Amino acid sequence: MNHSVFRDLVPSYIENLTSEETNRQIEKHLEQCESCRKYLHDMQEDLLLDSLHEQKNEKRNIDFLKKVRAKNRKKIFITIGFLLSIFIGCFFLFTSMWIADEKDVQTTIQQQGTTVTLSFQTKNNNRYLLAMEQWNQNYIDEIIIYEKWNDFSEPARLFKDGSHVTFTFLDENTLLLYGGEEKKLTDEDKIHIRYKNSTEEIRLKDLYKPVNK
Ligand SMILES: [Zn+2]
């Protein structure tokens, strides 16, 4: 066996793909030839390094995937926590609120220029009111008055001097809508203020007193 045949056979030999007869010849040649011994040795070393390298890369890929998964898990937990806290917040806001009794509510109507403000204030200590505006297309036609415990939460301080609803008039027969449109008022245009057992009706026209020029 000469060197070049030996070297052609080395890859197969390392992988145990060569026949017994070939193996015998290869080993015979190895005994005689130092350069081929070295060649075989180098080849084996290269293959070993390659496989080590591959294992390392695989491990690195797995570590990377683990990190990505851990990060995603953290993100999901944060998102769930965030949604849960909103849900709990809303739950407490709405379960700790009830529609107010009319006799507990002090209503004031104030006009400043062409702006009329309805203010609702509770007569009870340690409570505050929330005036929920209900929209009929583009103007408020119903206000539901909710009462709530003053539990030192943020809204309590916000509504310390009452909950307000504002209307802007152009004149005694025209309401300026939020979209900038105008609404001609008839006697039929009313706002309904809803309390626990009663509803107060106010004609929109009656809210506004013409300004004397
Ligand atoms: Zn040789």
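Residues numbered from 1 in each chain as written. Predicted model: local features only at pLDDT ≥ 70, side-chain atom pairs only at ≥ 80, totals over all residues. Heavy atoms only, no water.

### So, the pattern of salt bridges
Summed over the entire model, instances satisfying the criterion amount to eleven salt bridges. Each of Asp187, Arg203, Lys205 and Asp206 takes part in one network of salt bridges that share partners. (Salt bridge = Lys/Arg side-chain N within 4 Å of Asp/Glu carboxyl O.)

### Brief notes about the side chain of Asp104
If you trace the backbone, Asp104 turns up in the loop between strand S1 (97-99) and strand S2 (105-112). Once you skip the residues sitting within four places of it in the chain, Asp104 turns out to touch Gln121, Thr122, Lys123, Asn124 and Glu147. (Helix = DSSP H or I, 4+ residues; strand = E, 2+ residues; numbered from the N terminus. Contact = heavy atoms within 4.5 Å.)

### Description of the nonpolar core
Most often, soluble globular proteins have nonpolar side chains that are buried together. Core analysis: the largest hydrophobic core is formed by 24 residues, its most contacted members being Leu118, Phe120, Ile143, Ile145, Phe167 and Leu207. Of all the elements, strand S5 (residues 139-149) adds the most residues to this core, at four residues. Look past the residues within four positions of Phe120 in its chain and what remains in contact with it is Val105, Gln106, Thr107, Leu129, Ala131, Ile143, Ile145, Gly162, Ser163, Val165, Ile193 and Tyr195. Counting residues in each nonpolar core, the second largest holds eight residues, with Val10, Tyr13, Leu30 and Leu40 among its members. (Core = buried A, V, L, I, M, F, W, Y, C linked by side-chain atoms within 4.5 Å. Buried < 20%, exposed > 50% of the residue type's maximum accessible area, 1.4 Å probe, protein only.)

### Some points on unusual backbone geometry
Backbone geometry at Asn16 places phi at a positive 60°, although glycine is not the residue there. In this structure, Asn16 sits in the loop between helix H1 (3-14) and helix H2 (20-32). Of note, the phi angle at Asn126 is positive, near 60°, even though the residue is not glycine.

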